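Structural overview
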Amino acid sequence: MGFVRTPPRPVEVTAVFPELAPLARPAIRLHPRPGSPSTGDSSVGGPLLWPAGEPWPHCEAAHLHVDTGFRQSPTRVRLERRLQSRWRPDGLLPGYTPEEQALKERDDARFTERFDAGPPWPDECPVPMLPVAQLFLRDIPLLRPPGQADLLQILWCPYEHEPDYKPLTALFWRSAAEVGSILATPPEPYEADYPGYVPEPCVLAPEAITEYPNSLDLSPELQRMLEDWNRWQAAGDDVDSSYAEYPREFYSTHLGNAPGWKVGGWPPWGRTDPIPRYCAVCEVQMVPLVTIASWEWDGGEGDSWAPQEDRAAAAGSHHTGRNPSQPTSVEVGSTDNMQIYVCPASAEHPHTDLIQ
């Protein structure tokens, strides 16, 4: 993909608050964009470089099997997105192409056959998992691969799971050079609880940035410092005066951790206080590895994180049926984020955890 850059922050954080300089962390914003990635590309929702001789991951956990009212097959979700992308200015619904119509009919026949058989449906457990992300070390140097691995693959089960009512994820590290024949047609689940559990295939435009903590990750002393409007006024006219009553919100909205899909950096918070995560093997506090996000930026004041090219696209998004702030079409529950952590003491201890 072409070069993508996050706009400069309205204020240089450490110029106003040098106390935050030691808390800076590197991060890589992935900047996913709908496209046609190959098995050799870093991607979200794209095909995986998966060995033909290795079993495809299946979820064998208990499934809630509660009808959400939104369940559709991944095929039907993708077909409906194609129709939406062919928005018509006259308001009439676009039609399927002959190839899409054939896909729809095959999918309808499969569902009819399945439900005519009656419950229980043996295909529901174990459930084939869906690709979520594939990240090559050559593109994302902040990855923490174990041994000679240079590729991270993330999949999830598109059913909700207790206790968090989100997809159950699985991580795989591998060496790309050791993959011979590639699995051409991975199995897919019959359905997903929500369309947002079927990621849209996206290519990536990785961008290295420097992040600072979410304000909730700061000590009480530093949080009080952010509330000092006199400190902010020293930064000049670049600080929005509308934040004078709640200056900490200026930091949280425009200067702290970046939103969206990313590797490294600081985790997002907001609906709960920060929850430390510890390695189950060595008990060291873990650090963020990958953030899976519903949105690349907030549609309100948080759009300062949107690259300029995306702002232009957002102005005409009603012509394409796609929202540039949600390129992956992923919706990760009520919190809008899923966090994957890694043990800094050993990359061989990856651990999936969710932000509540």
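It should be noted that the structure appears before, not after, this text.
It should be emphasised that the depicted structure is a prediction, and the values quoted were computed from it without experimental measurement. (Residues numbered from 1 in each chain as written. Predicted model: local features only at pLDDT ≥ 70, side-chain atom pairs only at ≥ 80, totals over all residues. Heavy atoms only, no water.)

**Points about the pattern of salt bridges**
Let me state the cut-off plainly: Salt bridge criterion: a side-chain nitrogen from Lys or Arg within 4 Å of a carboxyl oxygen from Asp or Glu. In DSSP terms, a helix is any run of H or I states spanning at least four residues, a strand is any run of E spanning at least two, and both are numbered starting from the N terminus. For every residue, the accessible area obtained with a 1.4 Å probe (protein chains only) is divided by the maximum for its type, and the residue is called buried under 20%, exposed over 50%, and partly exposed between those limits.
Evaluated as defined, the whole model comprises 15 salt bridges. Here Glu-54 makes a salt bridge to Arg-174, at a shortest N to O gap of 3.1 Å. Taken as a pair, Glu-54 in the loop between strand E3 (43–44) and strand E4 (58–59) and Arg-174 in strand E8 (residues 166–174) lie far apart in primary sequence, 120 residues in all. We classify Glu-54 as partly exposed; its relative accessible area is 27%. For Arg-82, the salt bridge goes to Glu-100, with nearest N and O atoms at 3.6 Å. Taken together, the residues span a long stretch of sequence, with Arg-82 in helix H2 (residues 74–85) and Glu-100 in helix H3 (residues 98–117) at a distance of 18 residues. Overall, Arg-82 belongs to the partly exposed group, its relative accessible area being 38%. One network of salt bridges, in which partners are shared, links Arg-71, Glu-191 and Asp-193.

**Describing the packing of aromatic side chains**
Test applied: In this analysis, rings of Phe, Tyr and Trp, with Trp reduced to its six-membered ring, are considered paired at centre separations within 6.5 Å, and the interplanar angle assigns stacked below 30 degrees, edge-to-face beyond 60, and tilted for intermediate values. Whether a charge sits over a ring comes down to the Lys NZ or Arg CZ being within 6 Å of the ring centre and within 35 degrees of the ring normal.
One pass over the full model with this rule turns up seven aromatic pairs. Lying across the ring of Trp-305, Arg-9 places its NZ or CZ 3.8 Å from the centre. Here Arg-110 stacks its cationic end above the ring of Tyr-190, 4.4 Å away from the centre of that ring.

**Notes on the pairing of strand E7 (residues 151–161)**
The line we're drawing: Should DSSP find at least two bridges between two strands, the strands are taken to pair.
Across the eleven residues that make up E7, a large majority, eleven, are buried. Where strand E6 (residues 130–136) and E7 come together, six bridges link them in antiparallel fashion. Its bridge partner being in E7, Pro-131 is matched across the sheet by Leu-155. One ladder, built from eight bridges, connects E7 with E8; its direction is antiparallel. The partner of Leu-152 across the bridge, within E8, is Trp-173. Between E7 and E8, which follow one another and run antiparallel, lie four residues, and Tyr-165 among them has a positive phi close to 55°.

**Describing unusual backbone geometry**
Phi at Glu-283 takes a positive value of approximately 70°, unusual for a residue other than glycine. Turning to its location among the elements, Glu-283 is positioned in the loop between strand E11 (262–264) and strand E12 (287–293). A residue is classified by how much of its surface remains accessible, and Glu-283, at 65% relative accessible area, is exposed. Of note, the phi angle at Ser-329 is positive, near 60°, even though the residue is not glycine. Secondary-structure assignment places Ser-329 in the loop between helix H7 (308–315) and strand E13 (337–342).

**Notes on the environment of Thr-14**
Here is the rule: Whether two residues touch is decided by their heavy atoms; if any such pair falls within 4.5 Å, the residues are in contact. The term polar contact refers here to a pair of N or O atoms within 3.5 Å; inside protein, the definition further demands a hydrogen-donor-capable atom paired with an acceptor-capable atom, and it admits residues adjacent in sequence only when both atoms are side-chain atoms.
With respect to the element layout, Thr-14 can be found in helix H1 (residues 13–16). Taking relative accessible area as the criterion, Thr-14 reaches 23% and is therefore assigned partly exposed. Sequence-wise, Thr-14 and Ala-24 are ten residues apart; in three dimensions their C-alpha atoms are separated by 9.3 Å. Contact partners of Thr-14, with chain neighbours within four places excluded, come to Ala-21 and Tyr-212. One polar contact links Thr-14 to Glu-12, side chain to side chain, over a distance of 3.1 Å.

**Quick word on the sheet that holds E6**
Spatially, the six strands line up as an open sheet ordered E2-E9-E3-E6-E7-E8, and their pairing is antiparallel. Bordering the open sheet on either side are strand E2 (33–34) and E8, each of which pairs with just one other strand. Here E3 pairs with E6 via two bridges, running antiparallel. Note that in E6 the partner of Ser-43 across the bridge is Gln-134.

**Section: the nonpolar core**
For clarity, the threshold we go by: Here, nonpolar core means buried Ala, Val, Leu, Ile, Met, Phe, Trp, Tyr and Cys residues that are tied together by side-chain atoms lying within 4.5 Å of each other.
Counting 33 residues, the largest nonpolar core has Leu-135, Leu-152, Trp-261, Leu-289, Val-290 and Ile-292 as the members making the most contacts within it. If you list the elements that add at least two residues to this core, you get E6, E7, E8, E12 and E13. For this core, the leading source of residues is E12, giving five residues. Listed in part, the 17 residues of the second largest apolar core include Val-16, Leu-20, Val-239 and Phe-250.

**As for the pairing of E13**
The buried fraction of E13 amounts to six of the six residues, a majority that puts the element mostly inside the structure. Of the two faces of E13, the one lined by Asn-337, Gln-339 and Tyr-341 and the one lined by Met-338, Ile-340 and Val-342 are each fully buried. Two elements, E12 and E13, share six bridges in a ladder whose sense is antiparallel. Directly across from Val-290, in E13, lies its bridge partner Ile-340.

**Observations regarding H2**
Note the following rule: The length a helix should cover is 1.5 Å for every residue beyond the first.
Between its terminal C-alpha atoms H2 stretches 17 Å, which fits the 16 Å expected from twelve residues at 1.5 Å a residue. Looking only at H2, the buried set comprises Pro-74, Arg-76, Val-77, Leu-79, Arg-81 and Leu-83.

**Remarks on helix H6 (residues 247–254)**
Most of H6 sits inside the fold, with six of its eight residues counted as buried. Inspection of H6 places Pro-247, Arg-248, Phe-250, Tyr-251, Thr-253 and His-254 among the buried residues, and these make up the whole buried set. Among the structural elements, H1, helix H4 (220–226) and helix H5 (229–233) are those in contact with the buried residues of H6.

**A look at the environment of Arg-311**
Within the secondary structure, Arg-311 is located in helix H7. In sequence terms Arg-311 and Ser-325 are 14 residues apart; their C-alpha atoms lie 9.0 Å from each other. Among all residues touching Arg-311, those that are not within four sequence positions of it are Pro-7, Asp-303, Ser-304 and Ala-306.

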